[in-house]
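One letter stands for each residue in the lines below.
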Amino acid sequence: MSTTVAESVTLWERVRTYSPPSRFLPVIVTFAVFLGMFGVGGVRYEGFAHPQVFLHVLHDNAFLIVLAVGLTFVILTGGIDLSVGSVVAMSTVIAAKTLELGWPPALAMLTVLIAGTLLGTIMGLLIHYLDIQPFIATLAGLFLARGITYLISVRSIPITDETFREIAYASIPLPGGHYTTWLVVVALSTVLIAAYVLARTRFGRTVYAIGGSESSAMLMGLRVALVKVGVYAISGFCAALGGLLFALYLLSGYSLHAVGMELEAIAAVVIGGTLLTGGRGYVVGSMIGVLVYGTIQTFINFDGTLSSWWTRIAIGVLLLVFVVIQRVATRGPR
Amino acid sequence: MTDTLAPAPPTPGARKAPAGPSRWARVTGHPLLYPLLAMVVLLIINVIATPTFLNVRVQDGHLFGSPIDIIRNSAPVLLVALGMTLVIATRGIDLSVGAVAAIAGAVACTRIVAAPDEGALVTAVMAVTLALAVCVLLGVWNGFLVSVLGIQPIIATLVLMVAGRGLAMLITDGQITTVNNPAFSKLASGYLFGLPIAFLVALGMVGLTALLTRRTALGMLIEAVGINPAASRLAGVRARTITWTVYTFAAVCAGLAGVIIAANTRSVNANSLGLWIELDAILAVVIGGTALTGGRFSLAGTLVGALLIATLARTIPNIGIPSEANYLFKAVVVVAVCVVQSPRARAALRVRRPSVTKVEAR
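Residues numbered from 1 in each chain as written. Chains lettered and ligands numbered in written order. Predicted model: local features only at pLDDT ≥ 70, side-chain atom pairs only at ≥ 80, totals over all residues. Heavy atoms only, no water.

Trainee: Would you mind going over the overall build of chain A in detail, with residue names and values included?
Mentor: Counting its secondary structure elements, chain A contains 15 helices and four strands. Taking 20 Å as the expected radius of gyration for a compact globule of 334 residues, we find that chain A reaches 21 Å, a close match to that expectation. Seen along its three principal axes, the alpha-carbon backbone of chain A occupies a region of about 75 × 55 × 40 Å. Burial statistics for chain A: of 334 residues in total, 52% are counted as buried. Within chain A, contacts between residues separated by at least 24 positions form 77% of all contacts whose residues are at least 6 apart in sequence. Summing over all exposed atoms, chain A offers an accessible surface of approximately 14,700 Å²; the carbon and sulfur share of this is 67%. (Helix = DSSP H or I, 4+ residues; strand = E, 2+ residues; numbered from the N terminus. Rg over C-alpha atoms; globule rule 2.2 N^0.38 Å. Buried < 20%, exposed > 50% of the residue type's maximum accessible area, 1.4 Å probe, protein only. Contact = heavy atoms within 4.5 Å. Areas by Shrake-Rupley, 256 points an atom, 1.4 Å probe, with all protein chains shown as cover.)

As structure tokens, this is what we get:
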């Protein structure tokens, strides 16, 4: 864009008439909603627009971002994973229990991640090879993970391990006197890796192809079986990782953690512009969806007069608006 | 697949029984065989653990015993599953039933508490009526999203599933509302003709639905919408009205279940009332042989499915396993039922029994 005067006019013309590709539109709308909410909050409440508030939103919802990323893979193939909330609970309990038994922290983390990935893989195998609907297979996963959690421990186990506490409490200084935490770093890295995998690898393109049309993907010779089982394994892994972050966030393992969290994650993915029918959507959108959710919570905290259940109502209304917009948008071109 | 349009037999043996070998084939091929077998196995396990398990005696003028407990506890899931069966038959799904149940419980309880005469029968009747009226509105809302706006059922009902519990909290103001109304609690713990009222209500709804869907064309119309909405509309079926009706019916059933649950605990906790009941209900429907792909439904199957879930919930503590392990066993049941019903597994089974294929293809 280094320029002469004539070119800058056309540049202005181009900027004025520029419309982003329609596939990015849902993400842009969500981002606009997010910015708008932060703007309104900044005007209404003192200190709302402070960057540290934003960093806190990231920190408080780091686990949800990771969950939403895993779920995005599954939803892009046209499936659904209801088990993520239960896997989070299972992960916190496994982590807390193994640490209580005196396992080294690294081994405890590894066990959690393997357990989640294994459960996801099993669900993927059931879905692909036995033709069981994703809804039902992951419903079984939901019950299974919750049941395992109850078997390990019914009561809440505190995490007292030094390494875990250090990671949880450590703050990473950022320029400008702000700070963030490892939870945020892990969550953002997950988003980056997932975005790269979806956009730039054969695996990622196959995910979109299956979401577009599974039989076409099969006829094109894509490795449908591998990818379809793979997305559920990824979702299981992400749920376990989210569970680890949740354990770090609360420093306890409890069988009643994360009840209904799968709903929050699915809502965030839909608000982020991913179609539940599959084939369209971006992990970045899901992340912004989670941030919108977090901002609503912050709004309610700052306001002080609103009760916590308004979060759910607001999310429901937002979900409705986005679903209707999506419906109108997808109906248009036809 | 050839007889998709024919209504499922209301009871096994209602059709004219064919000759010897094909009767055997019909028994082995009957969709309710495995759920019924599972229930028998569960009951046998129970009798082994507690020999007096199946004993039913008369106490205080009504029947008393574990089987009675099972049918009493199965009422809410049976009601929700009943509505869900019809929704699933139209190739839809209703995720919001748990939230609707919570709203119904919240409305009924707050209404009773706010009434000037808290213990009166009139108060209870008014409260339940109001709760069901609210549920009609919620069902109409779901039906509007699905049939008029054409949003996928799973997303359309997700909206109310997410927002519903918030609304229920709003109604109860976040409190656990406790009610003291004898007539209201009778709904869950009372007995009529020696049987629990809750179960009779659920059974009455099933009977009424069976009558409406199987003795009129309604059932076939619902299945037609499930097989192909566009084609059924072109054939003169009011697909939109039927979809709308089905979601409203599901919400009313869920509301009734919510009221019964609230009556059972004599209180409402908007966070936990009916939690995961939608999953139990879908499970009951699937166990009963109604496929999630729509176009076919079996009310008898749903009844068996709901009873199986209630029996399972009763079996776990009875054989000395902590009741929290219930989830684990539910997972096993889901997988087992799905594997048995999965077309691929069935195809593998059929290779060994060619006679079955022939009979079914007829």
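Trainee: Can you explain the interface of chain A and chain B? Please cite residues and give values.
Mentor: Interface size is commonly expressed as the accessible area that is lost once the parts come together. Of the residues lining the interface, 39 residues belong to chain A; the matching set on chain B comes to 44 residues. Counting the surface chain A buries against chain B, the share from its top three residues, F135(A), F143(A) and W309(A), is 18%. The tally of links from chain A across to chain B stands at zero salt bridges. Among the elements of the structure, helix 6 (105-129), helix 7 (134-152), helix 13 (261-271) and helix 15 (310-331) of chain A are those that each provide at least two residues to the side of chain A that touches chain B. Within the side of chain A that touches chain B, the residues separate by chemical class into 28 nonpolar, five polar and six charged. (Buried area = accessible area lost by both parts, 1.4 Å probe. Salt bridge = Lys/Arg side-chain N within 4 Å of Asp/Glu carboxyl O. Nonpolar A, V, L, I, M, F, W, Y, C, P; charged D, E, K, R; others polar.)

Trainee: Account for the pattern of salt bridges, with residues named and values stated.
Mentor: All names here are of chain B. Under the defined criterion, the tally for this structure stands at seven salt bridges over all chains. Note that E223 is salt-bridged to R214, the shortest N-O span being 3.6 Å. For E223, a relative accessible area of 0% corresponds to the buried category. In this structure, D280 engages K330 in a salt bridge whose closest nitrogen and oxygen atoms are separated by 3.0 Å. Placement of D280 in helix 12 (residues 277-287) and of K330 in helix 14 (residues 326-341) is noted, with a sequence separation of 50 residues between them.

Trainee: Tell me about a nonpolar patch on the surface, and name the residues and values.
Mentor: Residues and elements named next belong to chain A. On the surface, F24, L25, I28, V29, V317, V321 and I325 cluster together into a nonpolar patch covering about 520 Å² of accessible area. Put simply, the parts of the chain that give the nonpolar patch at least two residues each are helix 2 (25-44) and helix 15. By secondary structure assignment, the location of V321 is in helix 15. Accessibility expressed as a relative area gives 38% for V321, which makes it partly exposed. (Patch = residues over 30% accessible without salt bridge, like charges linked within 9 Å, V, L, I, M, F, W, Y side chains within 5 Å.)

Trainee: If you had to explain the environment of I193(A) to someone new, which residues and values would you point to?
Mentor: Position of I193(A) relative to the elements: it lies in helix 9 (residues 182-200). Separated by 124 residues in the primary sequence, I193(A) and V69(A) have C-alpha atoms spaced 10.0 Å apart.

Trainee: Any details on the domain arrangement of chain B? Residues and values, ideally.
Mentor: Residues and elements named next belong to chain B. Domain boundaries in chain B define domain 1 (67-320) and domain 2 (333-362). Between the C-alpha centres of domain 1 and domain 2 there is a distance of 31 Å. Taken together, the five residues of domain 1 in the interface contact four residues of domain 2. Buried surface at the junction of domain 1 and domain 2, both sides included, amounts to about 390 Å², of which 81% is carbon and sulfur. Considering only the surface of domain 1 that becomes buried against domain 2, L283, V286 and I287 emerge as the three largest contributors, covering 73% of it. For the pair domain 1 and domain 2, the interface holds zero salt bridges. In terms of residue count, the dominant contributor to the side of domain 1 that touches domain 2 is helix 12 (three residues). Among the residues making up the side of domain 1 that touches domain 2, the classes are represented as four nonpolar, one polar and no charged. (Domains from an automatic or database assignment.)

Trainee: Explain the nonpolar core to me, and be specific about the residues and the numbers.
Mentor: Membership of the largest hydrophobic core comes to 208 residues, with the highest contact counts inside it found for I136(A), F143(A), F184(B) and I282(B). With 15 residues, the single largest contributor to this core is helix 11 (residues 239-265) of chain B. Shared between two domains, this core holds at least three residues of each, these being domain 1 (67-320) and domain 2 (333-362) of chain B. What F184(B) contacts, discounting residues up to four positions off in sequence, is A108(B), C109(B), I112(B), A124(B), V128(B), V179(B), V259(B), A262(B) and A263(B). (Core = buried A, V, L, I, M, F, W, Y, C linked by side-chain atoms within 4.5 Å.)

Trainee: Talk me through the environment of V237(B); I want residue IDs and the actual numbers.
Mentor: Residue and element names in this part refer to chain B. Inspection of the secondary structure assignment puts V237 in the loop between helix 10 (229-234) and helix 11. Accessibility expressed as a relative area gives 12% for V237, which makes it buried. In the structure, V237 is positioned 28 residues away from T265 in sequence and 43 Å away in space, judged by C-alpha atoms. Once you skip the residues sitting within four places of it in the chain, V237 turns out to touch L221, V225, S232 and I242.

Trainee: Go over the packing of aromatic side chains with me, naming the residues and quoting the values.
Mentor: Residue and element names in this part refer to chain A. Applying the stated criterion across every chain yields a total of 18 aromatic pairs over all chains. Pairing F34 with F54 gives two aromatic rings, centres 6.1 Å apart and planes at 55°, and the pair type is tilted. Placement of the pair is F34 in helix 2 and F54 in helix 3 (residues 51-60), with a sequence separation of 20 residues. Residue class for F34 comes out buried when judged on its relative accessible area of 5%. (Phe/Tyr/Trp six-rings, centres within 6.5 Å; stacked < 30°, edge-to-face > 60°.)

Trainee: Outline helix 11 of chain B, supporting the account with residue identities and numerical values.
Mentor: All names here are of chain B. Taking 1.5 Å per residue, 27 residues should reach 39 Å; helix 11 reaches 39 Å between its end C-alpha atoms and fits that length. With 20 of its 27 residues buried, helix 11 lies for the most part within the structure. Of the residues trailing helix 11, R266 is marked for its positive phi of about 55°. (Expected span 1.5 Å × (residues − 1).)

Trainee: Could you give an account of the side chain of T30(A), naming the residues involved and the relevant values?
Mentor: Residue and element names in this part refer to chain A. On the secondary structure map, T30 appears in helix 2. Judged by relative accessible area, which is 0%, T30 ranks as buried. Of note is the side chain of T30, whose polar atom sits 2.8 Å from the backbone oxygen of P26. (Polar contact = N/O pair within 3.5 Å; in protein donor to acceptor, adjacent residues only side chain to side chain.)

Trainee: Quick one: what's the story with the state of the cysteines, residue by residue and with numbers?
Mentor: Residue and element names in this part refer to chain B. Evaluated as defined, the whole model comprises zero disulfides over all chains. Not engaged in a disulfide, the cysteine C109 finds its nearest cysteine sulfur in C135; these two sulfurs lie 13 Å apart. The thiol sulfur of C135 is not disulfide-bonded, and the nearest other cysteine sulfur, from C253, lies at 10.0 Å. You can call C135 buried: its relative accessible area is 0%. (Disulfide = S-S within 2.5 Å.)

Trainee: So what's going on with the packing of helix 4 (residues 97-114) of chain B against helix 11 of chain B? Residues and values would help.
Mentor: The description of two helices packed together rests on the angle between their axes and the distance between the axes. All names here are of chain B. Closest axis-to-axis distance for the helix 4/helix 11 pair is 7 Å, and the angle between their directions is 55°. What the angle tells us is that helix 4 and helix 11 run oblique. When you trace helix 4 past helix 11, the crossing you get is right-handed. Facing V97, V100, A101, A104, G105, A108 and C109 of helix 4, the residues of helix 11 in contact are A250, A251, A254, G255, G258, V259 and A262. Each residue belonging to the contact of helix 4 with helix 11 can be placed in one class, and the counts come to 11 nonpolar, three polar and no charged. (Axes fitted to C-alpha atoms, helices over the stretch in contact; angles between N-to-C directions. Parallel < 35°, antiparallel > 145°, perpendicular 65-115°, else oblique. Left-handed = near helix turned anticlockwise from the far one by under 90°.)

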